[in-house]
Amino acid sequence: VKGKAFHENPESGVPSRADELFNYDVIILGDLPRKTFSEDGDRTETRLRNIADFVTRRGGGLVTLGGRHVYIAGHYGNSPLAEVLPFDLKQSQKEQLTGKFFIDVPAAALNHPAMHLGPAPEKWDDLWKDMVQLEGCNTVGNVRPAATLLGYREMGESRVPVLASMKVGRGGV
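Conventions and cut-offs
- Residues numbered from 1 in each chain as written.
- Predicted model: local features only at pLDDT ≥ 70, side-chain atom pairs only at ≥ 80, totals over all residues.
- Heavy atoms only, no water.
- Helix = DSSP H or I, 4+ residues; strand = E, 2+ residues; numbered from the N terminus.
- Rg over C-alpha atoms; globule rule 2.2 N^0.38 Å.
- Buried < 20%, exposed > 50% of the residue type's maximum accessible area, 1.4 Å probe, protein only.
- Contact = heavy atoms within 4.5 Å.
- Areas by Shrake-Rupley, 256 points an atom, 1.4 Å probe, with all protein chains shown as cover.
- Lys, Arg positive; Asp, Glu negative; His and termini not counted.
- Charge placed at Lys NZ, Arg CZ, Asp CG, Glu CD.
- Core = buried A, V, L, I, M, F, W, Y, C linked by side-chain atoms within 4.5 Å.
- Salt bridge = Lys/Arg side-chain N within 4 Å of Asp/Glu carboxyl O.
- pLDDT = per-residue confidence, 0-100.
- Pairing = 2+ DSSP bridges.

Asker: Looking at this structure, how should I read the overall build of the protein chain?
Answerer: For the protein chain, the count of helices and strands is 3 helices and 8 strands. Written out in order from the N terminus, the α and β elements of the protein chain read α-β-α-β-β-α-β-β-β-β-β. Taken against the 2.2 N^0.38 rule, which gives 16 Å for 173 residues, the C-alpha radius of gyration of the protein chain at 17 Å falls within 12% of a compact globule. Counting only C-alpha atoms and orienting by the principal axes, one finds that the protein chain spans roughly 45 × 40 × 30 Å. Put simply, the protein chain has 173 residues, and 39% of those count as buried. Once local pairs closer than 6 in sequence are excluded, the contacts in the protein chain between residues at least 24 apart make up 64%. Working note: accessible area of the protein chain is about 10,200 Å², and carbon and sulfur atoms make up 52% of it. Averaging the positions of the 21 positive and the 22 negative side-chain charges in the protein chain gives two centres separated by 1 Å.

Encoded structure:
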């Protein structure tokens, strides 16, 4: 929790009760494996279900970040969280793709608010092209039909999604 916590015991991480979680507007999940949400013995994954409800029912925002322990690598494939992500988590032979790459941004994606880099829209495309290279990325499945692909990595003839957005219920991911 950054800033003032709106739930008891913020040092324990994501609140276990929906009413506490619903006090927030946005949740940002970093490089956390799925098992993190059941370490206290909760085999029903209440916290993950609450996060999905936070987005769909409460209308909250969810940002998920890549890393070595998330998505397919973190075993989220059939989790409640997977249901609200903008891409499917079908298994792949590789959980991570190594090597440096530049994010390619589809022209239409530049209109999405998450892609706005400053007050001058005519410069956004150039600013994205001038970004530094990233080192590696997670593999995920296809972008869901209701989602918007915001950025991808060229891999031969295919495009690996690295940024996507989707409205889910009353919220967005």
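Following the structure, the description resumes.
Asker: Which parts of the structure should I look at to understand the nonpolar core?
Answerer: As a rule of thumb, soluble globular proteins bury nonpolar side chains together. Among the nonpolar cores identified, the biggest contains 28 residues, and Leu29, Ile51, Leu62, Leu81 and Leu89 are the most heavily contacted of them. Those elements that place two or more of their residues in this core are β1 (26-29) and α2 (46-58). Examining the composition of this core, we find that 5 residues originate from one element, α2, more than from any other. Non-local contacts of Leu29, meaning those with residues more than four positions away in its chain, are made with Val14, Phe37, Ile51, Leu62, Val63, Thr64, Leu65 and Leu81. Core analysis: the second largest hydrophobic core is formed by 12 residues, Leu97, Val105, Trp124 and Cys137 among them.

Asker: What exactly am I supposed to notice about the pattern of salt bridges here?
Answerer: Pairs can form between side chains of opposite charge once their charged atoms are near each other. Scanning all chains against the criterion turns up 7 salt bridges. As a salt-bridge pair, Glu20 and Arg17 come within 3.5 Å of each other at their nearest N and O atoms. A relative accessible area of 8% means that Glu20 is categorised as buried. Lys129 is the partner of Asp125 in a salt bridge, and the nearest nitrogen-oxygen pair spans 3.0 Å. On the criterion of helical spacing, the pair formed by Asp125 and Lys129 is a turn pair, its members being 4 residues apart in helix α3 (residues 124-129). Given a relative accessible area of 56%, Lys129 falls into the exposed group.

Asker: Just checking my understanding: could you explain α2 for this structure?
Answerer: Along an α-helix, a turn takes 3.6 residues, which lines up residues three or four apart on a common side. Within the sequence span of α2, burial applies to Arg47, Leu48, Asn50, Ile51, Ala52, Phe54 and Val55. On its buried face, α2 sits against α1 (18-21), β1, β2 (61-64), β7 (167-168) and β8 (171-172).

Asker: I tried to follow the confidence of the model for the protein chain on my own but got confused; where do I start?
Answerer: Parts of the prediction with low pLDDT should not have their coordinates interpreted in detail. Of the residues in the protein chain, 99% have a pLDDT of 70 or more, and the chain-wide mean is 90. For the protein chain, the element scoring lowest by mean pLDDT is α3, at 90; β8 scores highest, at 97.

Asker: Whenever I open this one, the pairing of strand β5 (residues 148-155) confuses me. Can you help?
Answerer: Looking down a regular strand, the side chains alternate between one sheet face and the other. As paired elements, β5 and strand β6 (residues 158-165) share 7 bridges and run antiparallel to each other. Pairing of Arg153 across the sheet is with Val160, part of β6. In sequence, β5 turns back onto β6 through a hairpin of 2 residues, with Gly156 there showing a positive phi of about 65 degrees.

Asker: Got a minute to help me understand the environment of Pro145 in this structure?
Answerer: Here Pro145 lies in the loop between β4 (134-138) and β5. Measuring from C-alpha to C-alpha, the distance between Pro145 and Met166 comes to 9.4 Å, with 21 residues separating the pair along the chain.

Asker: Looking at this model, I keep getting lost on the environment of Leu110. Mind explaining?
Answerer: Inspection of the secondary structure puts Leu110 in the loop between β3 (96-101) and α3. Looking at Leu110, the relative accessible area reads 12%, which means it is buried. Residues Leu110 and Pro33 lie 77 residues apart in sequence; the distance between their C-alpha atoms is 31 Å. Apart from residues no more than four positions distant in its own chain, Leu110 is found in contact with Val105, Met115, His116, Trp124, Asp125 and Trp128.

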